[in-house]
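Inside the fold
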Amino acid sequence: MTSPSGSASPSESPGPVPTRGTEQQEGPLAAGMAALANMGWQILLTMGLASIALGVVALVWPGATLRVAGVLFGIYLLVTGVFQLAGAFGTHVPRHLRVLHFITGAVSILLGLISFRGTLESILLLALWIGFSWLLRGTTETAAAASAQEMPARGWHVAFGIIGSLAGVVMIIMPFASIATLTLVVGVMAIVLGLTEIVRAIRTRIEIGHLAAGTATQRRPLFHARPHPQH
């Protein structure tokens, strides 16, 4: 006995068809991802423009840039000192570290107040702070690379450590000339980084456009026309 004409064989059974609920779930998700991608390239573009503006200001008005940097450094010292003093009286700090926290906090507050006395004092403190930081970091990196025979790229670490130590010594010996040169270098680097961020934002925007176009061409209709099983 033959099977009824209305029945379909297993080989002719249609594949799974996306339901309307699946399409409704994919819609908000795709819209959210598109909004996040658009926000990403806009943030990159804004950061690039701000970096270029900062670099131009540093190159055109280096004196004003140094004054602003000195004021910000004084505020940083005051805030750091207050937190150090507060940490000295915290219950989570061991007793043998409370004296160290108190001394460093008091010194930070004192240096912060001194930096507000004038532009020269703040610039001098900023230059000495950077110089001693570079010297300490370079010396530590050189000593660590020299003592560790199995360190990857050991020669590069030694070279960078020596260069950082020498830069710190120069910054300490000639603070005003060094900080002025550093301002110019920071201005040039800010412009270069800003241009890089703008290029990245443009490339990201182009990639988003390509992905959106590809998704639109690959999207299938909700309803598929299928022949009747009797045909």
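The structure we're discussing is the one just above.
A few points on the structure.

How each quantity is defined
- Residues numbered from 1 in each chain as written.
- Predicted model: local features only at pLDDT ≥ 70, side-chain atom pairs only at ≥ 80, totals over all residues.
- Heavy atoms only, no water.
- Patch = residues over 30% accessible without salt bridge, like charges linked within 9 Å, V, L, I, M, F, W, Y side chains within 5 Å.
- Areas by Shrake-Rupley, 256 points an atom, 1.4 Å probe, with all protein chains shown as cover.
- Salt bridge = Lys/Arg side-chain N within 4 Å of Asp/Glu carboxyl O.
- Helix = DSSP H or I, 4+ residues; strand = E, 2+ residues; numbered from the N terminus.
- Buried < 20%, exposed > 50% of the residue type's maximum accessible area, 1.4 Å probe, protein only.
- Core = buried A, V, L, I, M, F, W, Y, C linked by side-chain atoms within 4.5 Å.
- Contact = heavy atoms within 4.5 Å.
- Expected span 1.5 Å × (residues − 1).
- Phe/Tyr/Trp six-rings, centres within 6.5 Å; stacked < 30°, edge-to-face > 60°.
- Axes fitted to C-alpha atoms, helices over the stretch in contact; angles between N-to-C directions.
- Parallel < 35°, antiparallel > 145°, perpendicular 65-115°, else oblique.
- Left-handed = near helix turned anticlockwise from the far one by under 90°.
- Nonpolar A, V, L, I, M, F, W, Y, C, P; charged D, E, K, R; others polar.

A cluster of nonpolar side chains, Val56, Val57, Leu59, Val60, Trp61, Leu184, Val188 and Val192, forms an exposed patch at the surface whose accessible area comes to about 660 Å². Ranked by residues supplied to the nonpolar patch, first place goes to helix H1 (residues 20-60) with four residues. Examined against the element boundaries, valine 56 turns out to sit in helix H1. Assessed through its relative accessible area of 37%, valine 56 is described here as partly exposed.

On to the nonpolar core, then. With 10 residues, the main nonpolar core is built from Leu66, Phe73, Leu77, Ile123, Leu125, Leu126, Ala127, Ile130, Met171 and Ile179. Looking at this core, the elements that each hand over two or more residues are helix H2 (62-88) and helix H4 (119-147). Per-element accounting of this core gives the leading share, five residues, to H4. Residues in contact with isoleucine 123, not counting those within four places in the same chain, are Leu66, Phe176 and Ile179.

So, on to H2. Between its terminal C-alpha atoms H2 stretches 38 Å, which fits the 39 Å expected from 27 residues at 1.5 Å a residue. Among the residues making up H2, those that are buried are Thr65, Leu66, Gly70, Phe73, Gly74, Leu77, Gly81, Gly87 and Ala88.

So, on to the packing of aromatic side chains. Scanning the entire structure with this criterion turns up four aromatic pairs. For the pair tyrosine 76 and tryptophan 129, a centre-to-centre distance of 6.2 Å together with 90 degrees between the ring planes defines the contact as edge-to-face. On the criterion of sequence distance, the pair formed by tyrosine 76 in helix H2 and tryptophan 129 in helix H4 is long-range, its members being 53 residues apart. Classification of tyrosine 76 by relative accessible area gives partly exposed; the value is 42%. With relative accessibility at 36%, the residue tryptophan 129 sits in the partly exposed group. An aromatic cluster is built from Phe73, Tyr76 and Trp129, whose rings are joined through pairwise contacts.

It is at 7 Å that the axes of H4 and helix H5 (residues 154-173) come closest, and there the two elements cross at 155 degrees. By the criterion of interaxial angle, the relationship of H4 to H5 is roughly antiparallel. Here H4 runs over H5; the crossing is left-handed. Each residue belonging to the contact of H4 with H5 can be placed in one class, and the counts come to 15 nonpolar, nine polar and two charged.

Close contact between H2 and H4 brings their axes to 9 Å; oriented N to C, the two are set at 70 degrees. The angle between H2 and H4 falls in the class roughly perpendicular. Note on element contacts: H4 touches H2 through Thr119, Ser122, Ile123, Leu125, Leu126 and Trp129, opposite Leu66, Arg67, Ala69, Gly70, Phe73, Tyr76 and Leu77.

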